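In case you want the letters, here they are:
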Amino acid sequence: QVQLVESGGGLVQPGGSLRLSCAASGRIFKINVMNWYRQAPGKQRELVAAITSGGSTNYADSVKGRFTISTNNAKNTVYLQMNSLKPEDTAVYYCNTRGISSSYATFDWWGQGTQVTVSS
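Residues numbered from 1 in each chain as written. Predicted model: local features only at pLDDT ≥ 70, side-chain atom pairs only at ≥ 80, totals over all residues. Heavy atoms only, no water.

Q: Help me understand the state of the cysteines, please; the structure alone is not making it clear to me.
A: Two cysteines form a disulfide when their sulfur atoms are joined by a covalent bond. Enumeration according to the criterion identifies one disulfide in this entry. A sulfur-sulfur separation of 2.1 Å characterises the disulfide bridge that pairs Cys22 with Cys95. Between Cys22 and Cys95 the sulfur-sulfur dihedral comes to about -80°; the bridge is accordingly left-handed. Placement of Cys22 in strand β3 (residues 18-26) and of Cys95 in strand β9 (residues 91-101) is noted, with a sequence separation of 73 residues between them. Its relative accessible area of 0% is what places Cys22 among the buried residues. Classification of Cys95 by relative accessible area gives buried; the value is 0%. (Disulfide = S-S within 2.5 Å. Helix = DSSP H or I, 4+ residues; strand = E, 2+ residues; numbered from the N terminus. Buried < 20%, exposed > 50% of the residue type's maximum accessible area, 1.4 Å probe, protein only.)

Q: Is there a simple way to think about the pairing of strand β11 (residues 114-118) in this case?
A: Along any regular strand, the residues point their side chains to alternate faces of the sheet. Covered by surrounding structure in β11 are Thr114, Val116 and Val118 only, the residues Gln115 and Thr117 on the alternate face being uncovered. By the bridge criterion, three bridges tie strand β2 (residues 10-12) to β11 in an arrangement that is parallel. Bridge pairing links Leu11 to Thr117 in β11. Bridging between β9 and β11 involves three bridges; their strand directions are antiparallel. Directly across from Val92, in β11, lies its bridge partner Gln115. (Pairing = 2+ DSSP bridges.)

Q: Sorry, what's going on with the packing of aromatic side chains here?
A: The relative placement of two aromatic rings is captured by the distance of their centres and the angle of their planes. Taken as a whole and assessed by the stated rule, the structure comprises two aromatic pairs. For the ring pair Phe29 and Tyr104, a centre distance of 5.1 Å and an interplane angle of 65° mean the geometry is edge-to-face. Taken as a pair, Phe29 in strand β4 (residues 28-39) and Tyr104 in the loop between β9 and β10 (106-110) lie far apart in primary sequence, 75 residues in all. The ring centre of Tyr94 lies 3.8 Å from the NZ or CZ of Arg45, which sits over that ring. Here the guanidinium or amino end of Arg45 rests over the ring plane of Trp110, the centre of that ring lying 4.8 Å away. (Phe/Tyr/Trp six-rings, centres within 6.5 Å; stacked < 30°, edge-to-face > 60°. Lys NZ or Arg CZ within 6 Å of the ring centre and 35° of its normal.)

Q: What's the story with the sheet that holds strand β7 (residues 67-72) in this structure? I'm lost.
A: Two modes of strand pairing occur in sheets, parallel and antiparallel, and in both the strands are linked by backbone hydrogen bonds. Spatially, the four strands line up as an open sheet ordered β1-β3-β8-β7, and their pairing is antiparallel. One side of each edge strand has no neighbouring strand; the edge strands of this open sheet are β1 (2-7) and β7. If you compare each strand with its neighbour and ignore which way they point, the axes differ by 15° on average. Taken together, the six bridges between β1 and β3 define a ladder with antiparallel strand orientation. When the sheet's bridge partners are listed, Ser7 is paired in β3 with Ser21. (Axes fitted to C-alpha atoms, helices over the stretch in contact; angles between N-to-C directions.)

Here is the structure:
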């Protein structure tokens, strides 16, 4: 089983920055991709950013140039640096990881979510 622990959410003023972290632990053989999703009230969950084990990244158009996803592969940790935050970035942010467990089964695990609120 794989566990994900997120941290770093909170309240920030427009234009401010936050850094989210998500650490994966457990029976991990290989992580293929780590993602950040978000879900605002009344809206569907959307992919914000993704990073593969090879370092390729992908971003939602709404966050390009403002958010940066990165990893510490040795610690199975993914980060989301969020700059120039806007009120529309307010949402619960979820970490997601997909890969192969030590028993060679695929996994697709989600973190508990962390609230990000951008407001003056």
